[in-house]
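Each chain is listed here by its residues.
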Amino acid sequence: MNTHIPLETLSNWLEDEHSGNHSPQHLLTGLHIHHCPTCTQRLEALQRLERVTNDLVTEEENKQASDSSWLDTMLSNLVLETKAGRSIPLTAHHELDTLTQTEGSVIAAIRRAGESLPGALVSRCRLDGDVEAPRTPINVEITASVREGSSVADITRELRERVRKELERISELNVEQINITVEDMHSFDIEQATKNLKDSPHAP
Amino acid sequence: MTPSPAPTASTGVELPDALLCARAVAGDQYAFQALIRRHAPAMRSYAIRLTGSTADADDVLQETFIQAWRKLDTLEDAAKVRSWLMTLTSRKAIDLIRTRKPNVPIDDVAETHAKEQTPEQSAITGSEIGALAKALKTLPKQSQEIWVMREVGGSSYQEIAELLDISPASVRGKLARARIKLVQEMEGWDS
Ligand SMILES: [Zn+2]
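Residues numbered from 1 in each chain as written. Chains lettered and ligands numbered in written order. Predicted model: local features only at pLDDT ≥ 70, side-chain atom pairs only at ≥ 80, totals over all residues. Heavy atoms only, no water.

Asks: Can you help me understand the overall build of chain A in this one?
Replies: From N to C terminus, chain A includes seven helices and five strands. Each helix and strand of chain A, ordered N terminal to C terminal, gives the series α-α-α-α-β-β-α-β-β-α-β-α. Computed over the C-alpha atoms, the radius of gyration of chain A is 30 Å, more than 25% above the 17 Å expected from 2.2 N^0.38 for a compact globule of 204 residues. Summarising its shape, the C-alpha atoms of chain A cover approximately 95 × 40 × 30 Å along the three principal directions. Sorting the 204 residues of chain A into buried and exposed places 41% on the buried side. (Helix = DSSP H or I, 4+ residues; strand = E, 2+ residues; numbered from the N terminus. Rg over C-alpha atoms; globule rule 2.2 N^0.38 Å. Buried < 20%, exposed > 50% of the residue type's maximum accessible area, 1.4 Å probe, protein only.)

Here it is in structure tokens:
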């Protein structure tokens, strides 16, 4: 036992120990450490380093979390491009005007209208069909989540109704069908927290 | 917009990352901001450690947020969003370090440490953290970067190797030597 484990090997051994590498070589090294006070001491020093490292990382993260004014500033300056999608033509009131709305804005309106309904969350929404050609019939495909304990049939019917009204109000799309797939159930709390995201003072 | 305390969900529910990710991918900016709020403190302390400067870290974060918004749909497992964000942060930070002029003044991250201890923290913990922060400054620059990416950023050897353009084996070796150096500095080890 007169040759100790080289320090670099000891450090790597500790890492392997965490990642669950138990090769014969690893086990042999472990055996030496177990019977060798010197290597045990060195290993313990490396373990102390691990602990202090964790303390440092946690402390620095907590420091950033405790005063988040920097984050408020950063988020209020953050400009995220909206996913515009296709360009949907609108009737111009003057023949020289060309008016369009973006697919993204229509989808956002569908989401808002759908989620105004208690019990419903809109997970995804897609406009199916050639929205760029005026008057072409299209379908709206909605994937939704319904609150536990509510009637899927009622929610689906009311959701379809609200979306239809909103689309009539804001668009000229020739909507044939609004298909709703209920993919998930959610709790009351999840729904509240999700809908509260929009009401937060940090909402964009 | 006036800064105000972070919103605590009135229902006391923490929305899962997966839900926030799915909504953000579907175009919900509110969900994206909530996701960012959750992970930004870790990203910022990591970026400060990596760049050595709060101003640089904030530039890194701005760019990382924008890229995250654009690329969130490429994230396969929403449970891994934190490490994904940390990886984006690494890339942006390394890009910035590489293009930085050599004589830009750098905040002294380690020095600010001792002062900012909260009273509840024991003096012993504080002095240990301070000793580590000080020891880190004795490491060669690349070893520091490797240590920070691994210990603060949680990066894999492979990721670090790719970012620094060295082999994973070399990353492992340098990391082991960095840890030994830190212990030596902190505990007066003789090698
Ligand atoms: Zn030994």
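Asks: Mind showing me how you'd approach the interface of chain B and chain A here?
Replies: At the junction of the two partners, chain B supplies 72 residues and chain A supplies 54 residues. Where chain B abuts chain A, roughly 5900 Å² becomes buried across the two surfaces, and 61% of that area is made up of carbon and sulfur atoms. Counting across the chain B and chain A interface gives eleven salt bridges. For Glu115(A), the salt bridge identified is with Arg23(B), shortest N-O distance 2.8 Å. For the side of chain B that touches chain A, the secondary-structure elements that each account for two or more residues are α1 (17-25), α2 (29-51), α3 (54-71), α5 (111-115), α6 (123-136), α7 (141-151) and α9 (168-187) of chain B. Here the side of chain B that touches chain A takes 15 residues from α2(B), the largest share from any one element. Grouping the amino acids of the side of chain B that touches chain A by side-chain chemistry returns 41 nonpolar, 15 polar and 16 charged. (Contact = heavy atoms within 4.5 Å. Buried area = accessible area lost by both parts, 1.4 Å probe. Salt bridge = Lys/Arg side-chain N within 4 Å of Asp/Glu carboxyl O. Nonpolar A, V, L, I, M, F, W, Y, C, P; charged D, E, K, R; others polar.)

Asks: Teacher, can you tell me more about the coordination of the zinc ion here?
Replies: In an ideal tetrahedron of four donors about a metal, each angle is 109.5 degrees. In an ideal octahedron of six donors, the angles are 90 or 180 degrees. In this structure, His4(A) (ND1), His32(A) (NE2), Cys36(A) (SG) and Cys39(A) (SG) serve as the protein donors to the zinc ion, at separations of 2.1 to 2.3 Å. Classification of His4(A) by relative accessible area gives partly exposed; the value is 31%. (Donors = N, O, S within 2.8 Å, 3.2 Å for Na, K, Ca; no water.)

Asks: Would you mind showing me how to read the side chain of Thr29(A) here?
Replies: Within the element layout of this structure, Thr29(A) appears in helix α2 (residues 24-35). In this structure Thr29(A) touches Ile5(A) and Trp13(A), once residues within four positions along its chain are discounted.

Asks: What exactly am I supposed to notice about the environment of Ala68(B) here?
Replies: Residues and elements named next belong to chain B. Mapped onto the fold, Ala68 is located in helix α3. Overall, the relative accessible area of 1% leaves Ala68 in the buried class. For the pair Ala68 and Glu128, spaced 60 residues apart in sequence, the C-alpha separation works out to 35 Å. With residues up to four places along the chain from it excluded, the contact list for Ala68 reads Phe32, Trp84, Leu85 and Leu88.

Asks: How should the domain arrangement of chain A be read in this particular structure?
Replies: Interfaces are often sized by the amount of accessible area the parts lose when they come together. According to the domain assignment, chain A consists of domain 1 (7-75) and domain 2 (87-198). Taking only C-alpha atoms, the centre of domain 1 of chain A and the centre of domain 2 of chain A are 50 Å apart. (Domains from an automatic or database assignment.)

Asks: Explain the domain arrangement of chain B here, please?
Replies: Residue and element names in this part refer to chain B. Per the domain assignment, the segments of chain B are domain 1 (1-100) and domain 2 (105-191). Taken together, the 16 residues of domain 1 in the interface contact 16 residues of domain 2. A combined buried area of about 1400 Å² lies between domain 1 and domain 2, and 63% of that area is made up of carbon and sulfur atoms. Scanning the region where domain 1 abuts domain 2 turns up one salt bridge.

Asks: Sorry if this is basic, but what is going on with the side chain of Ser171(A) here?
Replies: All names here are of chain A. Structurally, Ser171 can be placed in the loop between α6 (152-170) and β5 (174-186). Judged by its relative accessible area of 9%, Ser171 falls in the buried class. A distance of 2.9 Å separates the side chain of Ser171 from the backbone oxygen of Leu167, its partner in a polar contact. Within the structure, the side chain of Ser171 is placed 3.2 Å from the backbone nitrogen of Leu173, a separation counted as a polar contact. (Polar contact = N/O pair within 3.5 Å; in protein donor to acceptor, adjacent residues only side chain to side chain.)

Asks: Can you help me understand unusual backbone geometry in this one?
Replies: Among all residues save glycine, negative phi is the norm, and among peptide bonds the norm is trans. Phi is positive for Arg135(A), close to 75°, though the residue is something other than glycine. Structurally, the position occupied by Arg135(A) is in the loop between β3 (120-128) and β4 (137-147).

Asks: Before we go on, may I ask you to explain the environment of Arg135(A) in this structure?
Replies: Residues and elements named next belong to chain A. Judged by its relative accessible area of 56%, Arg135 falls in the exposed class. The spacing of Arg135 and Glu50 is 85 residues in sequence and 66 Å in space, taken between C-alpha atoms. Discounting residues that sit within four places of it in the chain, Arg135 has contacts with Glu172 and Asn174.

Asks: Mind showing me how you'd approach the packing of aromatic side chains here?
Replies: We describe a pair of aromatic rings using the distance from one ring centre to the other and the angle between the two ring planes. Residues and elements named next belong to chain B. One pass over the structure, following the stated rule, counts one aromatic pair over all chains. Their ring planes at 65° and their centres at 5.1 Å tell us that Phe32 and Trp69 sit as a pair that is edge-to-face. Linking Phe32 in helix α2 with Trp69 in helix α3, this pair joins segments that are 37 residues apart in sequence. In terms of burial, Phe32 and Trp69 fall into one category: buried. The lysine or arginine in question, Arg150, covers the ring of Tyr157, its NZ or CZ lying 4.7 Å from the ring centre. (Phe/Tyr/Trp six-rings, centres within 6.5 Å; stacked < 30°, edge-to-face > 60°. Lys NZ or Arg CZ within 6 Å of the ring centre and 35° of its normal.)

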